[in-house]
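# Summary of the model geometry
In case you want the letters, here they are:
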Amino acid sequence: MAVPKKRQSKQRKRKRRTHYKVTAPTTQSCPRCGDSKAPHRVCPSCGYYRDEAVLDVAVD
């Protein structure tokens, strides 16, 4: 089994990790109410998914 002969430096490790970036979550606007929601998920504000009521959301 291959084992590294020497320890990798912090600089080399950090250079490799420069490509690990946090990306913003993808959002879409709900076609029913217009609020933002995650794609392929039930809308948290109106409770609909693909023109079908899935959740009972209480109106305040």
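In what follows, the structure referred to is the one given above.
Residues numbered from 1 in each chain as written. Predicted model: local features only at pLDDT ≥ 70, side-chain atom pairs only at ≥ 80, totals over all residues. Heavy atoms only, no water.

## Considerations on the environment of Cys 33
Along the chain, the position of Cys 33 falls in the loop between strand 1 (28–29) and strand 2 (36–37). With ten residues separating them in the primary sequence, Cys 33 and Cys 43 have C-alpha atoms 8.8 Å apart. If we ignore the near neighbours within four places in the chain, the residues touching Cys 33 are Cys 43, Ser 45 and Cys 46. (Helix = DSSP H or I, 4+ residues; strand = E, 2+ residues; numbered from the N terminus. Contact = heavy atoms within 4.5 Å.)

## Notes on the packing of aromatic side chains
Each aromatic ring pair is described using two quantities: the centre-to-centre distance and the angle formed by the ring planes. For the coordinates displayed, the defined rule picks out zero aromatic pairs. For the cation-ring pair, Arg 32 lies above Tyr 48, with the distance from its terminal atom to the ring centre recorded as 3.7 Å. (Phe/Tyr/Trp six-rings, centres within 6.5 Å; stacked < 30°, edge-to-face > 60°. Lys NZ or Arg CZ within 6 Å of the ring centre and 35° of its normal.)

## Some details on a nonpolar patch on the surface
Together, Val 54, Leu 55 and Val 57 make up a nonpolar patch on the protein surface, roughly 230 Å² of accessible area in all. Tracing the backbone shows Leu 55 in the segment after strand 4 (52–53). (Patch = residues over 30% accessible without salt bridge, like charges linked within 9 Å, V, L, I, M, F, W, Y side chains within 5 Å. Areas by Shrake-Rupley, 256 points an atom, 1.4 Å probe, with all protein chains shown as cover. Salt bridge = Lys/Arg side-chain N within 4 Å of Asp/Glu carboxyl O.)

## A short note on the state of the cysteines
If you walk through the whole model with that rule in mind, you get zero disulfides. With no disulfide of its own, Cys 33 has Cys 43 as its nearest cysteine by sulfur position, at a separation of 3.6 Å. Residue Cys 33 is classed as partly exposed on the basis of its relative accessible area, which comes to 35%. Cysteine Cys 43 shares no disulfide, and the gap to the nearest cysteine sulfur, in Cys 46, comes to 3.6 Å. (Disulfide = S-S within 2.5 Å. Buried < 20%, exposed > 50% of the residue type's maximum accessible area, 1.4 Å probe, protein only.)

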